[in-house]
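Coordinate inspection notes
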Amino acid sequence: MFHSFSKNYSDTYFFRLDCANHVKFNFVDGVIITSLPETPPPLLTTVTQVLEGAQVRLQCSLPVPCSALPPSITWLPRDSGQEQTQMQKSVEDGQTITTSTLTFIASAEHHKQNISCSVSYPLTKGGSSQPSLATQSLNVLYAPRVPVATLVTSGPVSEGGAVTFTCWSDANPPVSLYTWYRADSGKLTKKGEGETLVLQVHQNDSGVYLCEAQSPRGSQRSRPVSLEVNATTGSSENGVMIPYIICGVLLVLCIMTVAVDVYKYQSISRRLKQIELKGEQTYSDLRTCSVTADYDQLQPRKPKTMPSPDVSDYENTITLEANFLNQPPSKLT
């Protein structure tokens, strides 16, 4: 047994017999031992296509250089199925091979899923080598599953309007045909084909609708969706006319407001003209002081000339005498 086999140990090795009775013998057939820089990947069986519900068996095989230190095999993702590992010698060259088998039932969730076999070898000084992987991508054929039918419009629809139904389903191979049905008392009535269904609805179109997705692997129906159509009535027409009525009322109010303002303006104008005709000097005259002036000046009308009143009627006589005598008024009696 070689411990911690180094890359420098790569060579051809021969077995020599050396007995105590001086019997010596060299075997001619040698063994070539090569040190690899990294762990070689394991051999993983290939699965091209598998049907949904079928049993799948994946085998991961690799050589065992030392039976005392067998390699460790791990399937990823973990808990993918039942695992079973065994070692056996090859009939051709006598080399020991370990094989791990993973068994599971294929489903739609396994489609395009990568399943890997990870291998690592223990080291004599403890630890293990870097793991090497072999990966297999699964191709699972399955019928349409869980078709979803949706109604783009939410709530009741007015009669005469258009509604759109859509349907989608996952399948491998993909869905080849979508068919729309209307359920009437447990009886299905075909309404159209395709991923979308557009209807110009009337009141009798109210009901439950569903779609069916078909592929070469089978078919599946969706859950029903409900359509409610409201009939067109006079009350609905009145409801439509309400905005127009409001606009008309506002327009009439605007016209009446303008007419009242015009009437008030004309009334004030007539009163002003009557005042001017009576000759009442209510306003001051406006005239331009000069042609070059930036602003016009308001020139009030000159007051009429009045005779100057007697001084004695307005001035204090005592004050006049005091001024005349050059004495303060307080000393005069």
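Residues numbered from 1 in each chain as written. Predicted model: local features only at pLDDT ≥ 70, side-chain atom pairs only at ≥ 80, totals over all residues. Heavy atoms only, no water.

**Quick look at the overall build of the chain**
- For the chain, the helix and strand inventory stands at 3 helices and 22 strands.
- Counting across all 333 residues of the chain, residues that qualify as buried make up 23%.
- Look at the contacts in the chain between residues 6 or more apart in sequence, and 56% of them connect residues 24 or more apart. (Helix = DSSP H or I, 4+ residues; strand = E, 2+ residues; numbered from the N terminus. Buried < 20%, exposed > 50% of the residue type's maximum accessible area, 1.4 Å probe, protein only. Contact = heavy atoms within 4.5 Å.)

**Observations concerning a nonpolar patch on the surface**
- A cluster of nonpolar side chains, Ile-242, Ile-245, Ile-246, Val-249, Leu-250, Val-252, Leu-253 and Met-256, forms an exposed patch at the surface whose accessible area comes to about 740 Å².
- Residue placement: Leu-250 occurs in helix H1 (residues 234-277). (Patch = residues over 30% accessible without salt bridge, like charges linked within 9 Å, V, L, I, M, F, W, Y side chains within 5 Å. Areas by Shrake-Rupley, 256 points an atom, 1.4 Å probe, with all protein chains shown as cover. Salt bridge = Lys/Arg side-chain N within 4 Å of Asp/Glu carboxyl O.)

**So, the sheet that holds strand S10 (residues 96-105)**
- Ordered in space as S5-S7-S10-S9, the 4 strands form an open sheet in which the pairing is antiparallel. Strand pairing shows two members of the sheet lacking a second neighbour, strand S5 (43-44) and strand S9 (82-89), which therefore form its edges.
- Inspection of the sheet shows S9 paired to S10 by 8 bridges, in the antiparallel sense. By the bridge assignment, Glu-83 is partnered in S10 with Leu-102. (Pairing = 2+ DSSP bridges.)

**Focus on the packing of aromatic side chains**
- In this structure the tally under the stated criterion is 5 aromatic pairs.
- Here Phe-25 and Phe-27 contribute two aromatic rings whose centre-to-centre distance is 5.2 Å and whose plane-to-plane angle is 90°, an arrangement assigned as edge-to-face.
- Judged by its relative accessible area of 37%, Phe-27 is partly exposed.
- The interplanar angle of 50° and the centroid separation of 5.6 Å between the aromatic rings of Phe-165 and Trp-180 together place this pair among those described as tilted. With a gap of 15 residues between them, Phe-165 in strand S15 (residues 162-172) and Trp-180 in strand S16 (residues 177-184) connect regions that are remote in the sequence.
- What links up through ring pairs into an aromatic cluster is the set Phe-15, Phe-25 and Phe-27. (Phe/Tyr/Trp six-rings, centres within 6.5 Å; stacked < 30°, edge-to-face > 60°.)

**Digging into the confidence of the model for the chain**
- For the chain, mean pLDDT is 81; residues scoring 70 or higher make up 79% of the total.
- A low-confidence stretch, residues 309-315 stays under pLDDT 50, and its non-local contacts, those more than four residues away or across chains, total 2 contacts.
- Counting contacts from residues 329-333, a segment whose pLDDT is below 50, to residues more than four positions away or on other chains yields 6 contacts. (pLDDT = per-residue confidence, 0-100.)

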